[in-house]
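Spelled out, the chains give:
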Amino acid sequence: MTTAQTTEFDVQPTPLALLLLGREADPKSERGVECPGDLPSPSDPDLVARARAAKEKLGDKVFVLGHHYQRDEVIQFADVTGDSFKLARDAAARPEAEYIVFCGVHFMAESADILTSDDQKVVLPDLAAGCSMADMATAEQVAECWDVLTEAGVAQQVVPVSYMNSSADIKAFTGKHGGTICTSSNAQRALEWAFEQGEKVLFLPDQHLGRNTAVRDMGMSLDDCVVYNPHKPNGGLTADQLRDAKMILWRGHCSVHGRFSLDSVNDVRERIPGVNVLVHPECRHEVVAAADYVGSTEYIIKALEAAPAGSKWAIGTELNLVRRLANRFAPEGKEIVFLDKTVCFCSTMNRIDLPHLVWTLESLAEGNLVNRIEVDRETEAFAKLALERMLALP
């Protein structure tokens, strides 16, 4: 619809539509606003040269972090690559860098701001690069959940454990209520610690990582787990269900890993005899149960590094990473395919493209601070407390 048509029929875009387009802001959401100023054209043949020139001009003043799920065109400019927590720690280890450019999503940049010094400025090339999983748990929803747990008489027995893939507000809630943060690599250690502190765990915001860790790694049963749905009264649970449960799982999931199904596993085994199925623990429980290997992004990379030549692998994680690994290990005779037939990038991660990165670096080189991610002091203090508890885990 053209502007003229919109005016004629007096049709106004809804706030939700604007959010999905990345054109407005919701301070209670991971989603943000579009970049101010004009972005370079994605067809500009000089984008790579412009990015190199701006980065060279900035020198040691800038440190670029690239998450594993980023596009190749962006990852080539990263000083370090890794998962979200590794990158946040890498940023904290570079105090001489005035600007931390985080090529990832919003919650990752928040974590970097929490862990870096006050003098360092964390920048996200596109403020609309959020995380659908992190969006599935807001501060208000979690506060209401805690009220439900209190009314059921179990709140004092509950220790919150929040996945790294959560907003600063949720990390702060976790720290304030005696809980800890976890990554997909140390979720079992975090849960073991939590059960030493209390009788139950509220696991936020990814139900699949919580369920898979509890059942697959710690020997609990599916009956020990209940799912709290923030869109239903009392989370859709009775007081008795909350009293009987060991794991209270938040109804959240990763839009990428949640797409993989048992059919995906069965189909790839039929198409590629002898294939090894390796998936991320954010996948559904039935997918994890059917896989040969399960582990974090870093685990996946290390497993493929150690794999023998001629081995075949179907990987259940984000497509940018799978494609990069397939190209990397092809010369070694390792066949690596995406687990599902349906192509699935992380759409919000892919908002960080070369034009946004060029615009960011050139703006910083000209002395203009753009798209700074800054967590308020109180939120930062409680979120840092939760992160420090994780770092102290044995």
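Residues numbered from 1 in each chain as written. Predicted model: local features only at pLDDT ≥ 70, side-chain atom pairs only at ≥ 80, totals over all residues. Heavy atoms only, no water.

A. Local environment of the packing of helix α6 (residues 106-115) against helix α18 (residues 377-391). One way to put it is that α6 packs onto α18 with a least axis distance of 10 Å and a crossing angle of 90°. With respect to α18, the axis of α6 lies roughly perpendicular. Contact residues: α6 offers D113, I114 and L115, while α18 offers E380, A383, K384 and L387. Here the contact of α6 with α18 is built from residues that sort into 4 nonpolar, no polar and 3 charged. (Axes fitted to C-alpha atoms, helices over the stretch in contact; angles between N-to-C directions. Helix = DSSP H or I, 4+ residues; strand = E, 2+ residues; numbered from the N terminus. Parallel < 35°, antiparallel > 145°, perpendicular 65-115°, else oblique. Contact = heavy atoms within 4.5 Å. Nonpolar A, V, L, I, M, F, W, Y, C, P; charged D, E, K, R; others polar.)

B. Examining the pattern of salt bridges more closely. With the rule as written, the count across this model stands at 17 salt bridges. Overlapping salt bridges, with partners in common, bring together D44, R50 and E362 in one network. (Salt bridge = Lys/Arg side-chain N within 4 Å of Asp/Glu carboxyl O.)

C. Geometry of the sheet that holds strand β4 (residues 121-123). Strand order in the open sheet formed by 5 strands is β2-β1-β3-β4-β14, and the pairing between neighbours is mixed. Among the strands making up the open sheet, the edge pair consists of β2 (80-82) and β14 (372-373). Sheet analysis places strand β1 (residues 62-67) next to β2, joined by 3 bridges and oriented parallel. Bridging from a neighbouring strand, H67 pairs with G82 of β2. (Pairing = 2+ DSSP bridges.)

D. Focus on the sheet that holds strand β12 (residues 312-316). Within the open sheet, the 4 strands sit side by side as β11-β10-β12-β13. Their pairing is parallel. With one partner strand each, in any of the chains shown, β11 (293-294) and β13 (335-338) form the two edges of the open sheet. Bridge count for strand β10 (residues 276-279) against β11 is 2 bridges, and the pairing is parallel. Looking across to β11, one finds that V279 is bridged to V294. Docked against the sheet, helix α15 (residues 297-306) engages β10, β11, β12 and β13, running at close to 155° with respect to β10.

E. Layout of the nonpolar core. Counting residues in hydrophobic clusters, the biggest one holds 106 residues, and the most contacted among them are V101, F203, M247, V279, I336 and L361. Discounting chain neighbours no more than four positions away, the residues touching V279 are V287, V288, A291, Y293, V294, G295, I300, G316 and L339. Formed by 21 residues, the second largest nonpolar core is a distinct cluster that contains A137, V158, I170 and I248. (Core = buried A, V, L, I, M, F, W, Y, C linked by side-chain atoms within 4.5 Å. Buried < 20%, exposed > 50% of the residue type's maximum accessible area, 1.4 Å probe, protein only.)

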